[in-house]
Amino acid sequence: MGQGILSDLGTEILIPVCAVVGIAFSLVQWVIVSRVKLSPEKPSPTANNKNGFNESLIEEEEGLSDHNVVHKCAEIQSAISEGATSFLFTEYQYVGIFMVAFAVLIFLFLGSVEGFSTKSQACTYDSTKLCKPALATAVFSTVSFVLGAVTSVVSGFLGMKIATYANARTTLEARKGVGKAFITAFRSGAVMGFLLAANGLLVLYITINVFKLYYGDDWEGLFESITGYGLGGSSMALFGRVGGGIYTKAADVGADLVGKVERNIPEDDPRNPAVIADNVGDNVGDIAGMGSDLFGSYAESSCAALVVASISSFGINHDFTAMLYPLLISSMGILVCLLTTLFATDFFEIKAVKDIEPTLKRQLIISTVLMTVGIAIVSWIALPSSFTIFNFGIQKEVKNWQLFLCVGVGLWAGLIIGFVTEYYTSNAYSPVQDVADSCRTGAATNVIFGLALGYKSVIIPIFAIAISIFVSFSFAAMYGIAVAALGMLSTIATGLAIDAYGPISDNAGGIAEMAGMSHRIRERTDALDAAGNTTAAIGKGFAIGSAALVSLALFGAFVSRASISTVDVLTPKVFIGLIVGAMLPYWFSAMTMKSVGSAALKMVEEVRRQFNTIPGLLEGTAKPDYATCVKISTDASIKEMIPPGALVMLTPLIVGIFFGVETLSGVLAGSLVSGVQIAISASNTGGAWDNAKKYIEAGASEHARSLGPKGSDPHKAAVIGDTIGDPLKDTSGPSLNILIKLMAVESLVFAPFFAAHGGILFKIF
C-alpha cells in the first residue's frame, strides 16, 4: 500500500496554517472595507482617488461631502444592524434550549446501546482488537454536536455582522461609481466566505486532534463520534434558514404588496413601514442562514468521508495524512479561493455595469480551474498510490488518480449547476426575458411561465449530479461520493463571497433609496443587486447540489454503521419508507410557505393600517412606525420555525425507533430523491420572477422599455410573480437541502441505537 509523499508532521502543520491564512486574509479585507468612513468628519475623500482606480471610474463626485447623506446612511445602517442582532439573539435563545435538549438525547440514546457500560468492546471490523466503550462514543458525539452547533451559530452571526457593517459603506462608495461599490460589497462577502471556511476547518481539525488523545488507535470510534459535528452544524442551520427565511419574506411580501402594488411608491421607500424589517431580513435570512447552511454541508461531507475512511485501509493502517485527505482538500481550497478573490478585487477593474456579472462568473471559472490543479497536487502528495476503501462489507482497491477524479467530477458538476442556474435566473438570457414578456397579459401567465421555467431548470443539474454519483461510486464507492461533495464545496470561500455580495448590494440599494440619494446612485445599486440575485441563485444551486451528494454519502455511511447488507426496494418495509420519505419535502414546504403567508398577512394589514391612520405618511411629512413591523416579523418567525424544525428532527427518531433501520433507509432515499427536485425548481422559479421584475424596472433594452415603466400593468404583474416567488426562493427552497442532509446525518449519529433497539412495531407484530 505504501505511504503518500506528505509526512504526518507536514499534514499537522499544513492544515492549521491554511486555516490561519484564511482568517488573516478575511481580516485584511475587513480592514480595507472599514476605511470607508461612515462619519462625515473629513471634508472630502477626493484625495484617495488615485488608489489604483482609473479617473473614468469617478463619473460624478455627487454630493461627496454632503454630511446629511452620510449621516442618514449611518442612521439607517445602525437601525438595520440593531434589528438583525436583536432578532438573532432572540432566535439563538430558543435554539439554545433545543440544542441542550438534543445533546442530552444523543447522550442517552447512544449510551444505552451497551447499557451505559464502561467496558471496552471488540472492534466491529477486527474482533481481535479492543475498542473504546459505547459510552465514550456517546460522550464525544455529544461534545462534537455542541461544537458543530456553536461553530454554525458563530458563522451565521459573524456573516450578519459583516454584511450590516458593509451595506451603508457600499452605498456611499456608489457615489464614486459602480466599480468602487462593487469592490466594497465583494470584499465584504469575501470576509464572510474566508472566515467561515477557515473556522469550519480549524475547529474540525482541533476537535479530531483533541479526541485522538483519548481514543489513541481506536480510529473507528474516534471518527464515529466526530459525526456529531455535522449534526450540530446542520441542526442550527435548519433553524437559521427557516426562521430567517420566514422573517425576511414576511417583511418583503408585505412591503411589496402594499407599497408597490397598492400605493405605487418605489421599492425601499422610507414611507413604507415595512422597509426596515425587509432590509433586516436580507441579513438574517440570506446571510446568516446561508452561512450556517454551507457550513453544515461542509461539516457533513467531511464527516461522511472520515467515517468511511476510518474503516478503510487509511484507518486500519493508521495513515494519518491519507485519513485527513478531506481536510487537506479544504485547506487547498482556501489558498485557491484567496488567489481567485484577488482577480475580482485587485487584478481587474470594473468600469461599467455590464462588467459586473462577467466578473462574478469569472470567479467561479477561475476557482474551479485552479482547484482542479490543487486537487491533483493534494491527491499526489497525500495519498498512497493504491489503497482499499470499505464498500458494503468488502474492501475495494482504489488508485490515487481515481480519487482525484472523484473530487474533480464533484467540483466540475458544481460549476455546471452554477452556470445552468445562471442561465435560468439571469435577465441577460431568454428564459427570464420570456417570463418578463408573459407579464403583458397579466399575473396569471407570468406565474405559469415562471413555474414552467423552474421545472425545466431541474433537468441539467440532476444529470450533472447523476453523472458525478455514477463516476465517483464506480471509482471509490461511498467514499468517492463523499469526496465528490467536498469537491463541490472546496471553493466554498469564493462561493460564499459571491453569495453574500447579493444581499449586501440589495441593502445598499435600500439605504440609497431611504437616504434620498439621487436616481443615478439607485441605478448603480440596482445593477449590483440584479447581478446579486443571480449569484444568490447560483449559491443556492451549489448548496442544493452538494446537499444531494452529501446526503447520499451520509446514507452510505449510515447503511454501513447500521450493518444493513442491502436496501431492497421490493420489500414492503423499505418501500413504505420510500414513499413516505418522498412526501416529507412537500409537507415541509407546505409548512414553511404557509408560515410566510400568514406572517405576510399580518404585515400587509399593519402596513395598510399605518397608511390609513397616520396622517401625512404618504406625503412624507410623518414618520412610519418601523418597530411594529420588525416585531411582527420577529414574533412570526420564532413561532413558525418550530413545527418545520420538529418535523425534520423527529422523523428519523420516530421511524428508527418504531419501524427500524430498513424503513429508515427508505425514508432517507425517498426524501433525497424528491427534495432535490423541489429545492432546485423552487429556488430558480423565485429567482427568475425576481429578475423578470428587475428587467422591466431597469428598462435597459427596447423590449424591457415596451413592458415598463414602474407602475405599468406588466410591471404590477411582475411584482405579483416576484412576491409569490419570495417564499419559494428564500424560505422553502433553500431549507429543503438542509432537510435532506440533516435527516441523513441524524440517522448516521443514532445508527448504533436504531440497529440495537429500533423497529419496535415490527418486533411486536
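Please read all numbers here as calculations on a predicted model, not as lab measurements.

Caption draft 1: Geometry of the overall build of the protein chain. Counting secondary structure elements, the protein chain contains 22 helices and 4 strands. Here the C-alpha radius of gyration of the protein chain, 26 Å, is about what a compact globule of 765 residues would show, namely 27 Å. Projected onto its principal axes, the C-alpha positions of the protein chain cover 80 × 60 × 40 Å. Across the 765 residues that make up the protein chain, the buried fraction comes to 65%. For the protein chain, the share of sequence-separated contacts (at least 6 apart) that also reach a separation of at least 24 residues comes to 85%. Here the protein chain has roughly 25700 Å² of accessible surface; of this, 67% comes from carbon and sulfur atoms.

Caption draft 2: Molecular detail of the pattern of salt bridges. As enumerated under the stated definition, the model contains 30 salt bridges in all. Put simply, Glu173 and Lys176 hold a salt bridge, and the shortest N to O gap is 3.0 Å. Like Glu173, the residue Lys176 is buried in the burial classification. Between Lys361 and Glu422 there is a salt bridge, with the nearest N and O atoms lying 3.4 Å from each other. Taken as a pair, Lys361 in helix H10 (residues 356-382) and Glu422 in helix H11 (residues 400-425) lie far apart in primary sequence, 61 residues in all. Since its relative accessible area comes to 25%, Lys361 is described here as partly exposed.

Caption draft 3: Spotlight on the nonpolar core. Ranked by internal contacts, the top residues of the largest apolar core, which has 225 residues, are Tyr325, Ile356, Tyr479 and Phe558. When residues of this core are assigned to their parent elements, the largest contribution, 21 residues, is made by helix H4 (residues 178-215). Those residues within four positions of Phe558 in sequence are excluded, and the remaining contacts are Ile564, Val661, Leu664, Ser665, Leu668, Ser747, Leu748 and Ala751. Counting 19 residues, the second largest nonpolar core, distinct from the first, contains Val435, Ala682, Leu707 and Ala718.

Caption draft 4: Local environment of the packing of helix H3 (residues 134-173) against helix H5 (residues 219-262). Between H3 and H5, whose axes approach to 6 Å, the crossing angle comes to 35 degrees. For the element pair H3 and H5, the recorded crossing hand is right-handed. Note on element contacts: H5 touches H3 through Glu224, Ser225, Ile226, Gly228, Tyr229, Leu231, Gly232, Gly233, Ser235, Met236 and Ala237, opposite Thr137, Phe140, Ser141, Ser144, Phe145, Leu147, Gly148, Ala149, Thr151, Ser152 and Val153. When the residues that make up the contact of H3 with H5 are grouped by side-chain class, the tally is 10 nonpolar, 11 polar and 1 charged.

Caption draft 5: Seen up close, H5. Over its 44 residues, H5 extends 63 Å from the first C-alpha to the last, a length consistent with the 64 Å expected when each residue adds 1.5 Å. Across the 44 residues that make up H5, a large majority, 41, are buried. The first or second residue beyond H5 is Asn264, which carries a positive phi of 60 degrees.

Caption draft 6: Layout of the pairing of strand E4 (residues 394-399). Where strand E3 (residues 386-391) and E4 come together, 6 bridges link them in antiparallel fashion. Among the inter-strand pairings, Ile389 is bridged to a residue of E4, identified as Lys396.

Caption draft 7: Up close: H4. Spanning 38 residues, H4 covers 55 Å between terminal C-alpha atoms, matching the ideal 56 Å at 1.5 Å per step. A large share of H4 lies buried, amounting to 31 of its 38 residues. Trailing H4 by a residue or two, Gly216 shows a phi angle of about 60 degrees, which is positive.

Caption draft 8: Geometry of a nonpolar patch on the surface. Where nonpolar side chains cluster on the molecular surface, the patch consists of Val569, Phe575, Ile579, Val580, Met583 and Trp587 and spans about 530 Å² of accessible area. Along the polypeptide, Trp587 turns up in helix H17 (residues 572-613).

Caption draft 9: Region of interest: the confidence of the model for the protein chain. Looking at the protein chain as a whole, its pLDDT mean stands at 88, while 96% of the residues score no less than 70. Confidence scores differ between elements of the protein chain, with strand E1 (residues 121-122) showing the lowest mean pLDDT of 76 and helix H13 (residues 443-456) the highest of 96. In the predicted structure, residues 42-62 sits below a pLDDT of 50 and forms 39 contacts with residues beyond four places in sequence or in another chain.

Caption draft 10: Summary view of the pairing of E3. Of all 6 residues that make up E3, 6 are buried, and the element is covered over most of its length. Taking the residues between adjacent antiparallel strands as the criterion, E3 and E4 are bridged by 2 residues, where Phe392 takes a positive phi near 50 degrees.

Caption draft 11: Seen up close, the state of the cysteines. A complete count under the given rule lists 0 disulfides for this structure. Cys337 provides the cysteine sulfur closest to Cys18, a residue in no disulfide bond, and the two sulfurs are 12 Å apart. Given the relative accessible area of 4%, Cys18 is considered buried.

Caption draft 12: Broad picture of the packing of aromatic side chains. Taken as a whole, this structure holds 30 aromatic pairs when the rule is applied. Judged by centre distance (5.5 Å) and plane angle (45 degrees), the ring pair of Phe89 and Phe157 falls under tilted. Of this pair, Phe89 sits in helix H2 (residues 67-111) while Phe157 sits in helix H3, and the two are 68 residues apart along the sequence. Each ring, one from Phe107 and one from Phe116, has its centre 6.1 Å from the other, and the planes form 50 degrees; the classification is tilted. The positively charged end of Arg169 is found above the aromatic ring belonging to Tyr165, 3.9 Å away from the centroid.

Caption draft 13: Examining unusual backbone geometry more closely. Positive phi values are uncommon outside glycine, yet Asn264 reaches one of about 60 degrees. Here Asn264 is to be found in the loop between H5 and helix H6 (275-310).

Caption draft 14: Region of interest: the packing of helix H1 (residues 8-34) against H4. In contact at an axis separation of 8 Å, H1 and H4 are set at 155 degrees when each is read in the N-to-C sense. Taken as axis vectors, H1 and H4 run roughly antiparallel relative to one another. The two elements H1 and H4 cross, and the hand of that crossing is left-handed. Here the residues of the contact of H1 with H4 sort into 15 nonpolar, 7 polar and 2 charged.

Caption draft 15: The environment of Ala466, seen in detail. Looking at the secondary structure, you find Ala466 in helix H14 (residues 459-489). Counting along the chain gives 126 residues from Ala466 to Thr340, while the straight-line C-alpha distance between them is 28 Å.

Caption draft 16: Focus on the side chain of Ser683. Mapped onto the fold, Ser683 is located in helix H19 (residues 642-698). For Ser683, a relative accessible area of 3% gives the class buried. Ignoring sequence-local partners within four residues, the contact set of Ser683 consists of Lys540, Ile544, Leu728, Lys729, Gly733 and Pro734.

Caption draft 17: Structural view of the side chain of Glu224. Here Glu224 is to be found in helix H5. Aside from chain neighbours lying at most four places away, what touches Glu224 is Thr137, Ser141 and Arg561.

Caption draft 18: Expanded view of the environment of Phe87. Of note, Phe87 is situated in helix H2. A relative accessible area of 1% places Phe87 in the buried class. Here the alpha-carbon distance between Phe87 and Gly244, two residues 157 residues apart in the chain, equals 9.0 Å.

About the criteria used
Residues numbered from 1 in each chain as written. Predicted model: local features only at pLDDT ≥ 70, side-chain atom pairs only at ≥ 80, totals over all residues. Heavy atoms only, no water. Helix = DSSP H or I, 4+ residues; strand = E, 2+ residues; numbered from the N terminus. Rg over C-alpha atoms; globule rule 2.2 N^0.38 Å. Buried < 20%, exposed > 50% of the residue type's maximum accessible area, 1.4 Å probe, protein only. Contact = heavy atoms within 4.5 Å. Areas by Shrake-Rupley, 256 points an atom, 1.4 Å probe, with all protein chains shown as cover. Salt bridge = Lys/Arg side-chain N within 4 Å of Asp/Glu carboxyl O. Core = buried A, V, L, I, M, F, W, Y, C linked by side-chain atoms within 4.5 Å. Axes fitted to C-alpha atoms, helices over the stretch in contact; angles between N-to-C directions. Left-handed = near helix turned anticlockwise from the far one by under 90°. Nonpolar A, V, L, I, M, F, W, Y, C, P; charged D, E, K, R; others polar. Expected span 1.5 Å × (residues − 1). Pairing = 2+ DSSP bridges. Patch = residues over 30% accessible without salt bridge, like charges linked within 9 Å, V, L, I, M, F, W, Y side chains within 5 Å. pLDDT = per-residue confidence, 0-100. Disulfide = S-S within 2.5 Å. Phe/Tyr/Trp six-rings, centres within 6.5 Å; stacked < 30°, edge-to-face > 60°. Lys NZ or Arg CZ within 6 Å of the ring centre and 35° of its normal. Parallel < 35°, antiparallel > 145°, perpendicular 65-115°, else oblique.

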